[in-house]
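# Overview (structure and organization)
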Amino acid sequence: SEALGLNLDTGNLWLGGGDPVEYVKKFRNRIEHVHWKDLPAEMEALRGKMFGCGMAVIPLGTGVVPVEEVFNELVKMGFDGYSTFEIAGEEAVKKSLEFLKELAGK
């Protein structure tokens, strides 16, 4: 029987009090889709008290979510699923794409 695939939302998992890097290590090949978002430092006061937010408004790599470590762990485990930027604003999206390209060495 086929296992149910999981989604990783980097920002919402962190905001709810979870550790996105540990999530990747625990669920590895079950992760089929990543929602990429980073959150600003002022969200730290809400961590563990707020359990979801819409679109991020800052580029990946500029906030408090360990985006680089999540990316590296996904690469290590051979992630080949889908990715979605949950980021508002054309400039923030462009900067986020460049950030991930730099991490990938492309």
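Refer to the structure printed above.
Just so you know, these numbers come straight off a predicted model, no measurement behind them. (Residues numbered from 1 in each chain as written. Predicted model: local features only at pLDDT ≥ 70, side-chain atom pairs only at ≥ 80, totals over all residues. Heavy atoms only, no water.)

### Quick notes on the sheet that holds strand E3 (residues 82-85)
Spatially, E1-E2-E3 is the arrangement adopted by the three strands of the open sheet, whose pairing is parallel. Single-partner strands in this sheet number two, and they are strand E1 (6-9) and E3. The average undirected angle you get between the axes of adjacent strands in this sheet is 20°. Where strand E2 (residues 31-36) lies against E3, four bridges are found, and the strand directions are parallel. Looking across to E3, one finds that His 33 is bridged to Tyr 82. Here helix H3 (residues 67-76) sits on the sheet and contacts E1 and E2; the angle it forms with E2, its principal contact strand, is near 160°. (Pairing = 2+ DSSP bridges. Helix = DSSP H or I, 4+ residues; strand = E, 2+ residues; numbered from the N terminus. Axes fitted to C-alpha atoms, helices over the stretch in contact; angles between N-to-C directions. Contact = heavy atoms within 4.5 Å.)

### A short note on the packing of aromatic side chains
For any two aromatic rings, the description comes down to two numbers: the centre-to-centre distance and the angle of the planes. A full pass over the atoms with the stated rule returns two aromatic pairs. Look at Tyr 23 and Phe 27: their rings are 4.9 Å apart centre to centre, the planes differ by 55°, and that puts the pair in the tilted class. On the criterion of helical spacing, the pair formed by Tyr 23 and Phe 27 is a turn pair, its members being four residues apart in helix H2 (residues 20-27). Residue classification places Tyr 23 among the buried positions, given a relative accessible area of 16%. Between Trp 36 and Phe 71 the ring centres are 6.4 Å apart and the planes differ by 45°, which places this aromatic pair in the tilted class. Residue Trp 36 is found in strand E2, and its partner Phe 71 is found in helix H3; the two are separated by 35 residues along the sequence. Each member of the pair, Trp 36 together with Phe 71, is buried. (Phe/Tyr/Trp six-rings, centres within 6.5 Å; stacked < 30°, edge-to-face > 60°. Buried < 20%, exposed > 50% of the residue type's maximum accessible area, 1.4 Å probe, protein only.)

### Brief notes about the pattern of salt bridges
All told, the structure shown has six salt bridges when counted by the stated rule. A salt bridge links Lys 37 to Asp 9, with the nearest nitrogen and oxygen atoms 3.3 Å apart. Residue Lys 37 is found in the loop between E2 and H3, and its partner Asp 9 is found in strand E1; the two are separated by 28 residues along the sequence. Lys 94 serves as the salt-bridge partner of Glu 90, at 3.1 Å between the closest nitrogen and oxygen. A residue pair is termed a helical-turn pair when its members lie 3 or 4 positions apart in one helix, as Glu 90 and Lys 94 do in helix H4 (residues 90-104) at four residues. For Glu 90, a relative accessible area of 59% gives the class exposed. Each of the salt bridges in this network shares a partner with another, and the network as a whole consists of Asp 9, Lys 37 and Glu 86. (Salt bridge = Lys/Arg side-chain N within 4 Å of Asp/Glu carboxyl O.)

Just distances and angles here, no functional claims.
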